[in-house]
Amino acid sequence: MGILEKIAEIESEMNRTQKNKATEYHLGLLKGKLAKLRAELIEPKSSGPKGDGFDVKRSGDAQVALIGFPSVGKSTLLSTITETEAAVSSIDFTTLQATPGRWEYNGAIIQMLDLPGIIEGAAQGVGRGRQVVSTARTADLILMMLDATKSHMQRPLLEKELEAVGIRLNKKKPNIYFKVKTGGGISYNATCKQSQLTEKFVYTLLHQYRIFNAEVLVREDVGLEDFIDVVVGNRIYIPCLYAYNKIDAITIEEVDRIAREDHTIVVSIEKDMNMDAFKESIWRSLDLLQVYTKRHSEYPDFSDGLILRTGATVEEACRAVHKSLLDTFKYALVWGKSAKHNPQRVGLSHPLCNEDVIEIVRK
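Note that the structure is predicted; figures quoted are calculated from it, not measured.

Draft legend 1. Structural detail: the overall build of the chain. Across its full length, the chain carries ten helices and 16 strands. At a minimum sequence separation of 6, the contacts of the chain that also span at least 24 residues come to 65%. As displayed, the chain has an accessible area near 19300 Å², and 49% of this comes from carbon and sulfur atoms.

If you want it as structure tokens, here you go:
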């Protein structure tokens, strides 16, 4: 029996099993087996094809992957906000390759990646689905394009395909310390009360994965699936923005209902409706910050700032300018939100905020 057949058999058993407190443990073990099989599907043990992504060179400060079913407006969006001429048509599967586009916003260069439309079963390799989802795993943000005129089920269907290949949308990595050891058996401890996870489940799941020596420390209340994700280890946690296109074709009440959903923006690309808010939503979802530099006794250079990740420190700002700055670094002067007073003398570990100004003093 092949991997796909085993996956179908487990999914069938899970669908037949009633979901309640009594079956929670059994369903958790089935999910563990399913996760193991899906991990093998993503990274086969044989020397055959491994579902590599499209050959697109990463560029810019961040990468956004456009995911969606065929004919939802991905190529139209790429042509609208970048200088790239993407193939646009009402016919399904117009885009057959990954098409990159360059978009400049708030001083940042963002690479927009228009991926071919995926269909149900993409995670198992239907169409070019495995290549699409493999490329999406490396992106900084997934922009899920949805058609506001079609069934609302398109969103959970796409989420299911991405989840099947280990992509977790808008979730934080579980606060669980897990380390496989060479001896000593399995050590399990939790610093807080667990509503689902039990010591019995931890032992059984690890034995299922042929792990007999490990240290497990759970620092927050987690679900069974969270623990499975930590054990499998190939999970990617990526922010996702859900963009509902073609809102000009639905009622204002329906637009209002959709717009109130979490991580969601409504837009009409062809009619240029809500595009400014759409671009700002992408920027906020990327969680980037802009830091300006200045020389001693000179005004800051506000024309060309450094683009860093939120939570970046002075050390990362130095690396962004040139890594040799760290060898001669003495201290830095910072003006802005992160400073207690202007300027504040700080070290390499000082966290920066958006639109801070930094002056690096060398030895």
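Moving on, there is more to tell.
Draft legend 2. Region of interest: the sheet that holds strand β14 (residues 329-335). Strand order across the open sheet formed by five strands is β13-β12-β16-β14-β15, with mixed pairing between neighbours. In the strand order of this sheet, the two ends are held by β13 (306-309) and β15 (344-346), each with one partner. Within the sheet, the average angular offset between the axes of one strand and its neighbour, ignoring direction, is 35°. Bridge count between β14 and strand β16 (residues 357-362): six bridges; the pairing is antiparallel. Across the sheet, Phe 329 pairs through a bridge with Arg 362, a residue of β16. Relative to the sheet, helix α10 (residues 314-321) contacts β12 (288-293), β13, β14, β15 and β16, its axis offset from that of β13 by approximately 135°.

Draft legend 3. Quick peek at unusual backbone geometry. That bond from Asn 342 to Pro 343 is cis: its omega, -10°, falls within 30 degrees of zero. You can see Pro 343 is positioned in the loop between β14 and β15. At Ser 71, a position not held by glycine, the phi torsion is positive, near 60°. Not every positive phi belongs to a glycine, and Lys 246 is a case in point at roughly 70°.

Draft legend 4. Spotlight on the pairing of strand β3 (residues 108-114). By the criterion of burial, β3 is predominantly enclosed, with six of the seven residues buried. Bridge analysis of strand β1 (residues 62-68) against β3 gives five bridges, and the strand direction is parallel. Within the sheet, the bridge partner assigned to Ala 62 lies in β3 and is Ile 110. As paired elements, strand β2 (residues 99-105) and β3 share seven bridges and run antiparallel to each other. Residue pairing across strands places Glu 104 opposite Ile 109, the latter belonging to β3. Where β2 folds back on β3, the antiparallel hairpin that results is connected by two residues, among which Asn 106 adopts a positive phi of roughly 55°.

Rules of the game
Residues numbered from 1 in each chain as written. Predicted model: local features only at pLDDT ≥ 70, side-chain atom pairs only at ≥ 80, totals over all residues. Heavy atoms only, no water. Helix = DSSP H or I, 4+ residues; strand = E, 2+ residues; numbered from the N terminus. Contact = heavy atoms within 4.5 Å. Areas by Shrake-Rupley, 256 points an atom, 1.4 Å probe, with all protein chains shown as cover. Pairing = 2+ DSSP bridges. Axes fitted to C-alpha atoms, helices over the stretch in contact; angles between N-to-C directions. Buried < 20%, exposed > 50% of the residue type's maximum accessible area, 1.4 Å probe, protein only.

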